[in-house]
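Residues per chain, in single letters:
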Amino acid sequence: MKENSNQTIERWGIRYTGIVQGVGFRPLVSMCAHSLGLTGIVYNDSRGVYVEIQGPLGALQLFLDAIQEEQPRLCRITSQTVQPLTIKNEETTFSVEPSPLGEDVSTFISADTAPCEDCLKELQHDKRRQEYSFINCTNCGPRYTIIKSLPYDRERTTMNEFPMCEACLAEYENIEGRRYRAEPNACSHCGPRYTLYKPNRTAVDTVNVWNTTRELINEGSIIAIKGVGGYHLVCDARNDAVVQRLRKRKNRPHKPLAIMVGSLDTAIELVQISDVELDVLTGMERPIVLLERNHNSSVRLSSHVAPDNHMLGVMLPYTPMHEVLLPSDAAWVMTSGNRSGDPVLYNDDQAFNELGEVADYFLVHNREIYAPLDDSVVMVINNKPRFIRRSRGYVPEPIHCESIEGTPILAMGSDLKNAFALNKGNEILIGPHIGDLENASTHETLEWTINRYENLFSIEPEKIIIDSHPQFFSSHLGEHIGASSQIPVVTVQHHHAHIASVMAEHNLIGPVLGIAMDGTGYGPDGTIWGGEFLLCKGNQYQRLAHIHGAPLPGGEKAVSEPWRQALWYIRNYYGNDIPSVYQTWMENLPKGWEILDKALQSTMPMIQATSCGRLFDAVGSLLGLGMIHTYDAQITIALEALCGEEKGSLLDYNYDGKVLDFTPTVQAIMDGVVQGKSRAHLAASFHKTIAIAVCETAADLMERYKISDAAISGGVFQNRKLVELIYRTWHVGNLYMNEAVPANDGGLALGQLWLGSQIR
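Residues numbered from 1 in each chain as written. Predicted model: local features only at pLDDT ≥ 70, side-chain atom pairs only at ≥ 80, totals over all residues. Heavy atoms only, no water.

Topic: the overall build of the protein chain
Alright, step 1. Secondary structure assignment for the protein chain yields 23 helices and 32 strands.
Alright, step 2. With respect to the three principal axes, the spread of C-alpha positions in the protein chain is 100 × 65 × 50 Å.
Alright, step 3. Counting the 760 residues in the protein chain, one finds 61% classified as buried.
Alright, step 4. Within the protein chain, counting contacts between residues at least 6 apart in sequence, those at least 24 apart form 73% of the total.
Alright, step 5. For the protein chain, the computed accessible surface area is about 29400 Å², with 46% contributed by carbon and sulfur atoms.
Alright, step 6. The averaged location of the 90 negative side-chain charges in the protein chain is 2 Å from the averaged location of its 65 positive side-chain charges. (Helix = DSSP H or I, 4+ residues; strand = E, 2+ residues; numbered from the N terminus. Buried < 20%, exposed > 50% of the residue type's maximum accessible area, 1.4 Å probe, protein only. Contact = heavy atoms within 4.5 Å. Areas by Shrake-Rupley, 256 points an atom, 1.4 Å probe, with all protein chains shown as cover. Lys, Arg positive; Asp, Glu negative; His and termini not counted. Charge placed at Lys NZ, Arg CZ, Asp CG, Glu CD.)

The structure is reproduced here in structure tokens:
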């Protein structure tokens, strides 16, 4: 400490942790230090950002305040620690120093985000960057997809291949500019660029690549476009013929296709947007947002974009390339560039090989995508954003969880909608959306991404948590990792992990009434669970009640072929006296149904399931919405859409304190069909009955077991109509559900990890 001009001079060492690398934090530190006349150094290191700052005590305090108040757009400070240091009398400047290497990393990085307002203005008017499709600054642009290792510096990103020109380097070194130490900084003279190719990799001769690409899309071409995290397949969503052609080539007959619109005005024409939905749609993360259709829209989309669906998946441009390419009135299909069931493609050679017969042209940039990312999907339910898929724009930002211990754990997630989880202290890193683990390609992506996370964030798991399903690839991989690393592998029940994900988010230790409803989860009694009321406390659970059991005729086939369980409900209720409407229904069943029908009338044992997801599927099939799924929850989505504005009526159900039996509900629906009642009314009545029955069952159990908190999770609770009915009907205790992760299996790993941390 030193007295100087009646002021106390001190030197402080300040440690900042959180998302403080790659977000303009060092430039902010440097600018604040210079503006206050302070000396010292700042650098990125393995733990975040380290600052040594020297000057008058009053100025040092102003410095701390300024950093907290002026945090950059992408920054998230989780801790700030200050310690006194010895004064350096010879120091006269403040400088940004290189990052030291060779240390274990304990910092985090931000997600890839949409262009900021300053960059958008330059994109239109700046001489060097007008229509430059890789414009960025410290407040926006790519991060996760280009970073190879930490600390975050240009030489450890895929931008290392593009040396900065003099003008860019001057910006990079200008402490007063917003590109000061912006690692992906580039312009049209020195940075990456786009080229249009034919499928045989012959470059298309164009005067303006953007005009040519727009013309091709308007003329009905399918373009494979390389973006920030992978390839999209793009076509005009107004063109029936090209949308059908894309579906045929991609082998995606019915699953809804996301669209990107060129402006908010076009989105408002297409869909209904609440204030909360507007915030999500226009936020810097720019996910796909599921929105109610505007049936009076003047924009006529192809009916093949989202058949039998009352919602559209809509996103706004989220890269400079999109901003340049899309006209303001555009409504283009923008779907993952892959064949159905495979992970998103991001390697150029693989994209040309696998999409050569799908796309008519390829719009490709020459910057490597180091880590692939699929688009995130969000839906607003009960006035809060809920994830359907958490990936681009959110990954790899951590989720803070107070109740998790420091032991590093790897949770493997599920085989459906896979996303793994790792923790660093009480910060949980959820992996990107990998998808369904049906193919070798998704297996490889999962293994590669786990290794990337462990290396990028210097995490060595000391425990592996897996699902109890004996046939899950994710569980087998977890066992293999555990065996090769000689660390324990812990098995947890599927629905317990669903509820634990809500407990982790909301810091609930228990007791909690967990209501887990989904399609399929392996039960410890050898049956399939999926409609469960669980008493959860810490790492323990007790099954208090469940919905009625029904067979899954044909086992796993019944999951993708709901007609099988629907046929069981018909035979179970009507026997041989089948009403004519269902005789006609049976005549339209797939070939060979008679064999299954005979089995249903025999004493042949069948797998039993207390699955609410299968119940929704069966009811949808009984209402004539389809026999077979071509994508997950297809008939359930159509069932929700069928409700329209109908309110519905309460139907019969039984509850004896242990079993919530919806068999009378299904029978009432079948009788309604036979009587010619409105199918929309019957669909709405089914939703209403499920909601009321769940709430009444929960109220009974919470009173009997003296529980004040309840949590709902599982894929069934992505049904907006059902969840909003439940919230309106709920009348005992507190009700929580997922907000930071999906309620579907994409959020399962968070619950697995939380349970693993509770096991001592």
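Regarding the sheet that holds strand β18 (residues 399-400)
Alright, step 1. Pairing in this open sheet of six strands is mixed, and the strands run β18-β21-β20-β19-β22-β23 from one edge to the other. Among the strands making up the open sheet, the edge pair consists of β18 and β23 (489-492).
Alright, step 2. Here strand β22 (residues 463-467) pairs with β23 via four bridges, running parallel. Bridge pairing in β23 links Ile464 to Val489. (Pairing = 2+ DSSP bridges.)

Details of the packing of aromatic side chains
Alright, step 1. Applying the stated criterion to the full structure yields 19 aromatic pairs.
Alright, step 2. For the pair Tyr43 and Tyr50, a centre-to-centre distance of 5.6 Å together with 50° between the ring planes defines the contact as tilted. Grouping residues by exposure puts Tyr43 and Tyr50 together as buried.
Alright, step 3. Summarising the aromatic geometry, the rings of Phe108 and Phe457 are spaced 6.2 Å apart at their centres and angled 45° between planes, so their arrangement reads as tilted. (Phe/Tyr/Trp six-rings, centres within 6.5 Å; stacked < 30°, edge-to-face > 60°.)

Let's talk about the pairing of strand β8 (residues 194-197)
Alright, step 1. The side-chain alternation of β8 yields one buried face, formed by Tyr194 and Leu196, and one unburied face, formed by Thr195 and Tyr197.
Alright, step 2. As paired strands, β8 and strand β15 (residues 361-365) are joined by four bridges and run antiparallel to one another. Within β15, the position partnered with Tyr194 by the bridge is His365.

What about the nonpolar core?
Alright, step 1. Membership of the largest hydrophobic core comes to 171 residues, with the highest contact counts inside it found for Tyr16 and Phe63.
Alright, step 2. Among the elements that take part in this core, helix α21 (residues 679-704) stands out by supplying 13 residues, more than any other.
Alright, step 3. Each residue touching Tyr16, except ones within four places of it in the same chain, is listed here: Phe25, Arg47, Gly48, Val49, Val51, Phe63, Leu64, Ile67, Gln68, Ile77, Ser79 and Gln80.
Alright, step 4. One finds Cys235, Val242, Ile259 and Val299 within the second-largest nonpolar core, a separate group that totals 39 residues. (Core = buried A, V, L, I, M, F, W, Y, C linked by side-chain atoms within 4.5 Å.)

Considering the side chain of Asp617
Alright, step 1. Structurally, Asp617 can be placed in helix α18 (residues 612-622).
Alright, step 2. On the basis of relative accessible area, Asp617 is assigned to the buried category, the value being 2%.

Things to note about the pairing of β22
Alright, step 1. Counting buried residues along β22, five of its five residues qualify, which places the element largely inside the surrounding structure.
Alright, step 2. Neither face of β22 is open: one carries Lys463, Ile465 and Asp467, the other Ile464 and Ile466, and all of them are buried.
Alright, step 3. Both strand β19 (residues 409-411) and β22 contribute to a ladder of three bridges, which runs parallel. Bridge pairing in β22 links Ile409 to Lys463.
Alright, step 4. Handedness of the β-α-β unit built from β22, helix α12 (residues 473-485) and β23 comes out right-handed. (Right-handed = clockwise from strand over helix to strand, strands pointing away.)

Notes on the sheet that holds strand β17 (residues 384-389)
Alright, step 1. Pairing within the open sheet is mixed, and its 10 strands lie in the order β8-β15-β9-β10-β14-β11-β13-β12-β16-β17. Both edges of this open sheet fall to β8 and β17, since each of them pairs with a single strand only. Between one strand and the next, the sheet's axes are offset by a mean angle of 35°, whatever the strand orientation.
Alright, step 2. Here strand β12 (residues 288-292) runs beside strand β16 (residues 377-381); their pairing, made up of two bridges, is parallel. (Axes fitted to C-alpha atoms, helices over the stretch in contact; angles between N-to-C directions.)

Comments concerning unusual backbone geometry
Alright, step 1. Looking along the chain, the bond that leaves Leu150 and enters Pro151 is cis, with omega of 0°.
Alright, step 2. As for its placement among the helices and strands, Pro151 is situated in the loop between α3 (117-125) and α4 (166-172).
Alright, step 3. For Arg286, which is not glycine, the phi dihedral falls at a positive 50°.
Alright, step 4. Looking at the secondary structure, you find Arg286 in the loop between α8 (275-282) and β12.
Alright, step 5. Here Arg286 falls in the buried class, since its relative accessible area comes to 12%.
Alright, step 6. Even without a glycine there, the phi angle at Lys417 is positive, about 50°.
Alright, step 7. Looking at where Lys417 falls in the secondary structure, it is placed in the loop between β19 and β20 (421-424).

With respect to the confidence of the model for the protein chain
Interpreting fine coordinate detail is not advised for predicted regions of low pLDDT.
Alright, step 1. Here the protein chain averages 94 in pLDDT, and 98% of its residues register 70 or above.
Alright, step 2. Below pLDDT 50 for its whole length, residues 1-5 participates in 11 contacts with residues either more than four positions away or in separate chains. (pLDDT = per-residue confidence, 0-100.)

Considering α3
Note that an α-helix has 3.6 residues per turn; residues three or four places apart therefore point the same way.
Alright, step 1. Taken as a whole, α3 has its buried residues at Cys119, Leu120, Glu122 and Leu123. An end-on view of α3 places all buried positions within 160° of arc, on one side of the element. In this structure, α3 carries Glu117, Lys121, Gln124 and His125 as exposed residues pointing more than 90 degrees from its buried face.
Alright, step 2. Contacts made by the buried residues of α3 are with α9 (320-325). (Arc of directions from axis to C-beta.)

Brief notes about the pattern of salt bridges
Alright, step 1. Under the counting rule described, the total for this entry stands at 31 salt bridges.
Alright, step 2. Put simply, Glu171 and Arg129 hold a salt bridge, and the shortest N to O gap is 2.6 Å. Pair noted here: Glu171 is in helix α4 and Arg129 is in the loop between α3 and α4, with a separation of 42 residues, a long-range link.
Alright, step 3. Between Lys417 and Asp632 there is a salt bridge, with its nearest N and O atoms 2.5 Å apart. (Salt bridge = Lys/Arg side-chain N within 4 Å of Asp/Glu carboxyl O.)

Some details on the packing of helix α15 (residues 563-574) against helix α17 (residues 593-600)
If you want to describe how two helices pack, look at the angle between their axes and the distance between the axes.
Alright, step 1. Where α15 contacts α17, the axes come no closer than 10 Å and their chain directions differ by 45°. Classified by the angle between their axes, α15 and α17 sit oblique to one another. The hand of the α15/α17 crossing is right-handed. Contact residues: Trp563, Arg564, Leu567, Trp568 and Arg571 in α15; Trp593, Leu596, Asp597 and Leu600 in α17.
Alright, step 2. Residues that form the contact of α15 with α17 fall into these classes: six nonpolar, no polar and three charged. (Parallel < 35°, antiparallel > 145°, perpendicular 65-115°, else oblique. Left-handed = near helix turned anticlockwise from the far one by under 90°. Nonpolar A, V, L, I, M, F, W, Y, C, P; charged D, E, K, R; others polar.)

Quick look at helix α13 (residues 494-506)
Alright, step 1. Here α13 spans 19 Å end to end across 13 residues, near enough to the 18 Å set by a 1.5 Å rise per residue.
Alright, step 2. Counting buried residues along α13, 12 of its 13 residues qualify, which places the element largely inside the surrounding structure.
Alright, step 3. Along α13, the residues that are buried comprise His494, His495, His496, Ala497, His498, Ile499, Ala500, Ser501, Val502, Met503, Ala504 and Glu505.
Alright, step 4. Measuring from the backbone nitrogen of His495 back to the side-chain oxygen at the start of α13 gives 2.8 Å, which picks out Gln493 as the cap.
Alright, step 5. Count one or two residues on from α13 and you reach Asn507, which has phi positive near 55°. (Expected span 1.5 Å × (residues − 1). Polar contact = N/O pair within 3.5 Å; in protein donor to acceptor, adjacent residues only side chain to side chain.)

Remarks on the packing of α13 against helix α23 (residues 748-758)
Alright, step 1. Interaxial distance between α13 and α23 falls to 7 Å at its minimum, and their mutual angle equals 85°. Here α23 runs roughly perpendicular to α13, going by the angle between their axes. Along the contact surface, α13 presents His494, His496, Ala497, His498, Ala500, Ser501, Met503, Ala504 and Glu505, while α23 presents Leu748, Leu750, Gly751, Gln752, Trp754 and Leu755.

Some points on the environment of Lys255
Alright, step 1. Along the chain, Lys255 falls in the loop between α6 (240-250) and β11 (259-261).
Alright, step 2. Separated by 50 residues in the primary sequence, Lys255 and Val305 place their C-alpha atoms 8.5 Å from one another.
Alright, step 3. With residues near it in sequence (within four places) discarded, Lys255 still touches Arg247, Val305 and Tyr631.

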